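Each chain, written out:
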Amino acid sequence: MNKGLLNLLLVVVVVLGFIGFNSLYVVNEGSKGIVTRFGKVLRNSDGKLNIVDPGLHIKAPFIDHVKDLDVRIQTISSSADRFVTSEKKDVIIDSYVKWQILDAATYYLTTAGGNKLQAEELLRRRINNSLRSQIGRLTIHEIVSGQNNGQDAALEESDFDTVVDNNQANATEASQDNSQDNTTQTAQVNTPEATVSQSKRDEVMQNALKDIGASAKALGIKIVDVRIKQINLPPEVSNSIYQRMRAERDAVAKLHRSQGRKEAEAIKAHADREVVVKIAEAERQARSLRGEGDAEATRIYAEAYKQNPKLFEFLRSMDAYKNSMKGKDTLVLQPDSEFFKFFNDANGTSKP
């Protein structure tokens, strides 16, 4: 009897503990909770949805269910899309949006029970339409540089086309202030030069932020920030730009090569001229030295001839005999010729 009562009490305690456990729920920090009963959202006495703040709360077990809504700042990173500028030129812009749930009740009702994917899809449509409208008011130069055409006249549109595909343009956009009246304010820059004249792109993007914020408010969402991550030209335009850049670089390369060949020819001509001049100078010095040597030899011969003319004449005759008789040539001369005077007499006196 006592054992059965004890088991019954144990079962009652377990059931009560299970019921108590299902009667409690926790809403985490950074979230809002919405309680539904039999699929219907519980409302307050004034008819508004019952939004539960973070903390520990009590609900009816088994029949009440809690839907958590993340009210922290979320990011929608849109894929790069094609936009048309005021010049009817296409650009590929990659942007992202920071958003946050402002009114959890409105958000829950407009997004099919707080469906985040549906909320982001609705936001993407509104963001795309607003950006497309605002980007259509700017030129390519204004989108990338963030300045009016009159502020930077040195950069022409044609010059930009050659470099815009390689550069990433980070736009400074406006941010929406989290004030009670939900009014949008412009993010101010501390430098006085920047506050004097606001870039046209900033002005247009602020308008886009206002448009998106107004439309997102109907979804119970606050747009915190809208920014452009990257701006590129379409692939077909980029290819033509690359081809033009390559042609320009080829032209510069050909110019450098022609200048190099010109310099090479000039250096070669200068070297050839130096060679000719040095060879001519060397030959002139050689002829001068050779002439001086011949003159010295002639002087020595003359001095030797003066010392013994007979001996000199004899030696010269012997050389003449040697040179004339070593070949196969035939000499036809008279025996008493002056050429053979040393044959007839050792002193070289001809007999009468």
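Residues numbered from 1 in each chain as written. Predicted model: local features only at pLDDT ≥ 70, side-chain atom pairs only at ≥ 80, totals over all residues. Heavy atoms only, no water.

Q: Tell me what's going on with the pattern of salt bridges, and back it up with residues and numbers.
A: Throughout the structure, instances matching the rule amount to 11 salt bridges. The partner of Lys229 in a salt bridge is Asp94, and the shortest N-O contact between them spans 3.7 Å. Here Lys229 is found in strand β10 (residues 221-232), whereas its partner Asp94 is found in strand β9 (residues 90-101), with 135 residues between them in sequence. Owing to a relative accessible area of 16%, Asp94 belongs among the buried residues under this scheme. (Salt bridge = Lys/Arg side-chain N within 4 Å of Asp/Glu carboxyl O. Helix = DSSP H or I, 4+ residues; strand = E, 2+ residues; numbered from the N terminus. Buried < 20%, exposed > 50% of the residue type's maximum accessible area, 1.4 Å probe, protein only.)

Q: I'd like a rundown of the pairing of strand β1 (residues 24-27), residues and numbers included.
A: The side chains of a regular strand alternate between both faces of the sheet. The side-chain alternation of β1 yields one buried face, formed by Tyr25 and Val27, and one unburied face, formed by Leu24 and Val26. One ladder, built from 4 bridges, connects β1 with strand β5 (residues 55-58); its direction is antiparallel. The partner of Val26 across the bridge, within β5, is Leu56. (Pairing = 2+ DSSP bridges.)

Q: Describe the packing of aromatic side chains, listing the residues and the values that go with them.
A: When we look at a pair of aromatic rings, we describe it by the centre distance and by the angle of the planes. By the definition in use, this model includes 1 aromatic pair. Looking at Arg132, its charged tip hangs above the ring of Phe83, at a distance of 4.8 Å from the centre. (Phe/Tyr/Trp six-rings, centres within 6.5 Å; stacked < 30°, edge-to-face > 60°. Lys NZ or Arg CZ within 6 Å of the ring centre and 35° of its normal.)

Q: Describe in detail the pairing of β9, supporting the description with residues and values.
A: With 9 of 12 residues buried, β9 is to be regarded as a mostly interior element. Where strand β7 (residues 74-77) and β9 come together, 4 bridges link them in antiparallel fashion. By the bridge assignment for β9, Gln74 is matched with Trp99. Bridging between strand β8 (residues 81-84) and β9 involves 4 bridges; their strand directions are antiparallel. Among the inter-strand pairings, Asp81 is bridged to a residue of β9, identified as Ile93. Following β8, the chain reverses through 5 residues before pairing antiparallel with β9; Lys88 in that reversal takes a positive phi of roughly 65°. Sheet topology note: the β9/β10 ladder contains 10 bridges and is antiparallel.

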